[in-house]
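Fold and contact review
The residues making up each chain are set out below.
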Amino acid sequence: MERLKKAADQTKFAINLPPKWINKYGDFITKNAGAVGQVEGALRSLTYIIPGRFRESEIASESLNSGVQLLSLYHDNLLSAAQAHSPQRKMQTPHNRYTRFYTQKSALYRRTAVSLQVVQFT
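We now turn to the structure provided with this report. (Residues numbered from 1 in each chain as written. Predicted model: local features only at pLDDT ≥ 70, side-chain atom pairs only at ≥ 80, totals over all residues. Heavy atoms only, no water.)

So, the packing of aromatic side chains
Aromatic ring pairs: the centre-centre distance and the angle between the two ring planes describe each pair. For the structure shown, the criterion picks out four aromatic pairs. Judged by centre distance (6.4 Å) and plane angle (10°), the rings of Tyr 25 and Tyr 74 are stacked. Highlighted residues: Tyr 25 in helix H1 (residues 2-31) and Tyr 74 in helix H3 (residues 58-84), separated in sequence by 49 residues. Ring centres 6.1 Å apart and planes at 50° place the aromatic pair Tyr 102 and Tyr 109 in the tilted group. (Phe/Tyr/Trp six-rings, centres within 6.5 Å; stacked < 30°, edge-to-face > 60°. Helix = DSSP H or I, 4+ residues; strand = E, 2+ residues; numbered from the N terminus.)

Right, here's the structure in full:
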């Protein structure tokens, strides 16, 4: 009976790990936005070097570029969510206010916008 209880506790611990890691990753991104931007830029630069360096590396270059773009999209989402909860807000352009309004009010608009960005990046 003790082994069953111990296995159940370990299972609960293992299930709770991924959300903790994601939250820690999100905190890291929001606290180190400048450094993360530099790493993303370096990876984007790497996508220009790979095709000339290796033969038949178009797939590797394109997949790296797509991965960096999608990761950048995720980071932008994390940063915009952190800024929305921030007490100090910067002045926004009318276009940003319009986009933010429809993103918050319309799930269809939000899904369509993210889907179009994913299609564009891949």
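Structural notes on a nonpolar patch on the surface
A contiguous nonpolar patch, built from Ile 22, Tyr 25, Leu 71 and Tyr 74 and spanning about 340 Å² of accessible area, is present on the exposed surface. Looking at the nonpolar patch, the elements that each hand over two or more residues are H1 and H3. Among the residues examined, Tyr 25 registers a relative accessible area of 33% and is labelled partly exposed. (Patch = residues over 30% accessible without salt bridge, like charges linked within 9 Å, V, L, I, M, F, W, Y side chains within 5 Å. Areas by Shrake-Rupley, 256 points an atom, 1.4 Å probe, with all protein chains shown as cover. Salt bridge = Lys/Arg side-chain N within 4 Å of Asp/Glu carboxyl O. Buried < 20%, exposed > 50% of the residue type's maximum accessible area, 1.4 Å probe, protein only.)

Concerning the environment of Val 36
Inspection of the secondary structure assignment puts Val 36 in helix H2 (residues 33-53). Classification of Val 36 as buried rests on a relative accessible area of 11%. Residues Val 36 and Ser 72, 36 residues apart in the sequence, show an inter-C-alpha distance of 9.2 Å. What Val 36 contacts, discounting residues up to four positions off in sequence, is Phe 28, Ile 29 and His 75. (Contact = heavy atoms within 4.5 Å.)

Some thoughts on the packing of H3 against helix H5 (residues 107-121)
Pairs of packed helices are described in terms of their axes, by the angle between the two and the distance that separates them. Across the interface, H3 lies against H5 with an axial gap of 9 Å and an inter-helix angle of 155°. Relative to H5, H3 is oriented roughly antiparallel. Between H3 and H5 lies a crossing whose hand is right-handed. Side by side, H3 and H5 meet where Ser 66, Gln 69, Leu 70 and Leu 73 of the first sit next to Gln 117, Val 118 and Phe 121 of the second. Among the residues forming the contact of H3 with H5, the class breakdown is four nonpolar, three polar and no charged. (Axes fitted to C-alpha atoms, helices over the stretch in contact; angles between N-to-C directions. Parallel < 35°, antiparallel > 145°, perpendicular 65-115°, else oblique. Left-handed = near helix turned anticlockwise from the far one by under 90°. Nonpolar A, V, L, I, M, F, W, Y, C, P; charged D, E, K, R; others polar.)

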